[in-house]
Amino acid sequence: MARPEDALVTEITPQSEDFSRWYLDVVRRAELADYTPVKGCMAIRPYGYAIWELIQQDLDRRFKATGHVNAYFPLFIPESLIMREAEHVEGFAPQVAWVTKGGAEELEEKLVVRPTSEAIFGTMYSRWIQSWRDLPLLINQWANVVRWEKVTRPFLRTTEFLWQEGHTAHETEAEAQEETLRMLGVYKAFAEEVLAMPVLDGQKSESEKSAGAARTYSIEALMGDGRALQAGTSHFLGQNFAKAFEIRFQGRDKTLQYAWTTSWGVSTRLIGGLIMTHGDDSGLILPPRVAPYQVVIVPIQRGNWQETVLPHAQQVRDALRAAGIRVFLDAREEYTPGWKFAEWEMRGVPVRLEIGPKDIEKGQVVLARRDTRAKMSASRDGVADHVAALLDEVQRALLERARAFRDEHTARVERWDEFVSLMEGRPGFVIARWCGDAECEATIKTETQATIRNLPFEQVPGGTCVRCDRPAITDARFAKAY
Ligand SMILES: [Zn+2]
């Protein structure tokens, strides 16, 4: 008869066999999310939602520290409003869900279920902003949005997803541009410090920018299969939306002026990024800062362990909890310690703490790291300090490992044949010179599936384009992407 721990291990497809299958197995087995009878829509399960809550809390703190406040806007947007900004509506139209009836009655005006909220924020901002004294207006909302997707994958692309969208209005172009880059910086710091996911920040090419934006900036991460993931975007909208929605104010010089606006967002897609940045063949690996349980305590079940071992395990749990560590004591009698080890390993808990009769005699506990699988003993005295230091070490090591992987999978090429063979072989980021032409970019995509993920902030002209040999205007970072 197969032991339960064997069953666990064989249920996850190895990454090397089929990365995409591995991803879906981890999402399902770690109980992060599940499919529902609603096409393209997932149920985020409590363990997955706990990760999202940790992401939210940390980001929310960063938004507030940079002067933003939260508010809530409607789920529905009238057709006439979404039509106001031409590029915007053209960009989102193919993905919009429509509400045409309320009860039995046809609506006089159709409503869209928000795919994003520039139109409704713009409409309200035009009422709330009258004078330069009303600026800047810095509002964020945590919400769900709907984009009708043909092909979906849990967290990475779903018809309904959760996100935050910041919408700000400013007096000057320079202030709006500064805000756009400030928030991109917040995203980059968050991705690296909290998700341990290194990212490349830069500007999107014209053809990859968001519909209606003047300039789009992104952070781009590299997943374990060598494909890139756009993990967050920040848009400088210029006066496009201010003109479409009449966001005007009386300036310091008494003239009537259009505001300068920005928008920026990250979504539950970050959880997909987390899974694919750190996971291995045994399942999920969570950085401590977003782990619902940073430590799981497994008491060794020998003899009358509930009288001898369990009280010690409870004391250790209480000490960790008092130190602010998220800890779970797995005292379930019906599972063996071996099963529990495999289960929590698969669910990515950063540190496992074992305690048995021998450890109690020696006044110690055993700690096992999920990332390196290293095991060590630590003294019971000051156990919370030992664990806290180990969690910091795991957090740091995960970022370092992901950065080393990203760097190993980043190459600079000059010749087109090198570019093609790299994209066919072991993909990753390829940095090459580019002419700036959208048609050339489209040709590269058709021939290799690689897209420009973003352009470095500093664009230095010189040399020739990797594809067409015309004069190059900048470096570009190419990759196959999710
Ligand atoms: Zn070119």
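Residues numbered from 1 in each chain as written. Predicted model: local features only at pLDDT ≥ 70, side-chain atom pairs only at ≥ 80, totals over all residues. Heavy atoms only, no water.

Colleague: Would you take a moment to explain the packing of aromatic side chains for this structure?
Modeller: Centre-to-centre distance and the angle between the planes together describe a pair of aromatic rings. One pass over the full model with this rule turns up 21 aromatic pairs. Seen in terms of ring centroids, W52 and W142 are 5.9 Å apart; in terms of plane orientation they differ by 75°. Their pairing is edge-to-face. Here W142 lies in strand 7 (residues 137–146) and W52 lies in helix 3 (residues 46–65), a separation of 90 residues in the sequence. We note that W52, like W142, is buried. Taking 6.4 Å as the distance between ring centres and 75° as the angle between the ring planes, the aromatic pair formed by F63 and Y187 counts as edge-to-face. Pair noted here: F63 is in helix 3 and Y187 is in helix 7 (residues 173–193), with a separation of 124 residues, a long-range link. You can call F63 buried: its relative accessible area is 1%. Across the ring face of Y47, the terminal group of R347 is positioned such that the distance to the ring centre comes to 4.3 Å. The ring of W416 has R467 lying over it, and the distance from NZ or CZ to the ring centre is 5.2 Å. (Phe/Tyr/Trp six-rings, centres within 6.5 Å; stacked < 30°, edge-to-face > 60°. Helix = DSSP H or I, 4+ residues; strand = E, 2+ residues; numbered from the N terminus. Buried < 20%, exposed > 50% of the residue type's maximum accessible area, 1.4 Å probe, protein only. Lys NZ or Arg CZ within 6 Å of the ring centre and 35° of its normal.)

Colleague: Mind showing me how you'd approach the side chain of Q177 here?
Modeller: Mapped onto the fold, Q177 is located in helix 7. Residue Q177 is classed as buried on the basis of its relative accessible area of 18%. Reaching out from Q177, the side chain makes a polar contact with the side chain of Y217 at a distance of 2.9 Å. Ignoring sequence-local partners within four residues, the contact set of Q177 consists of R215, Y217 and F236. (Polar contact = N/O pair within 3.5 Å; in protein donor to acceptor, adjacent residues only side chain to side chain. Contact = heavy atoms within 4.5 Å.)

Colleague: How should the layout of surface pockets be read in this particular structure?
Modeller: Where empty space is left can be seen by rolling a probe of water-molecule size over the atoms. Looking at the largest pocket, its volume works out to about 1200 Å³. Along the walls of the largest pocket sit 47 residues, with R147, R157, Q230, T233 and R269 positioned nearest its centre. Sorting the residues of the lining of the largest pocket by element identifies helix 5 (86–92), strand 8 (160–170), strand 11 (228–236), strand 14 (260–267), helix 9 (269–278) and strand 22 (451–454) as the ones contributing at least two each. Each residue belonging to the lining of the largest pocket can be placed in one class, and the counts come to 15 nonpolar, 19 polar and 13 charged. Taken as a whole, the second largest pocket encloses approximately 220 Å³ of empty space. Taken together, 15 residues make up the lining of the second largest pocket; nearest its centre are G224, T277, H278, A402 and F405. Every element with two or more residues in the lining of the second largest pocket is listed here: strand 10 (215–222), helix 9 and helix 14 (383–408). Ranked by residue count, the leading element in the lining of the second largest pocket is helix 14, at 4 residues. Its residues assigned to classes, the lining of the second largest pocket shows 8 nonpolar, 5 polar and 2 charged. (1 Å grid on protein atoms, 1.4 Å probe; cavity = no way out; pocket = protein on both sides within 12 Å on 5 of 7 lines; lining within 4 Å. Points joined across faces, edges and corners; volume = space filled by probe spheres on them. Nonpolar A, V, L, I, M, F, W, Y, C, P; charged D, E, K, R; others polar.)

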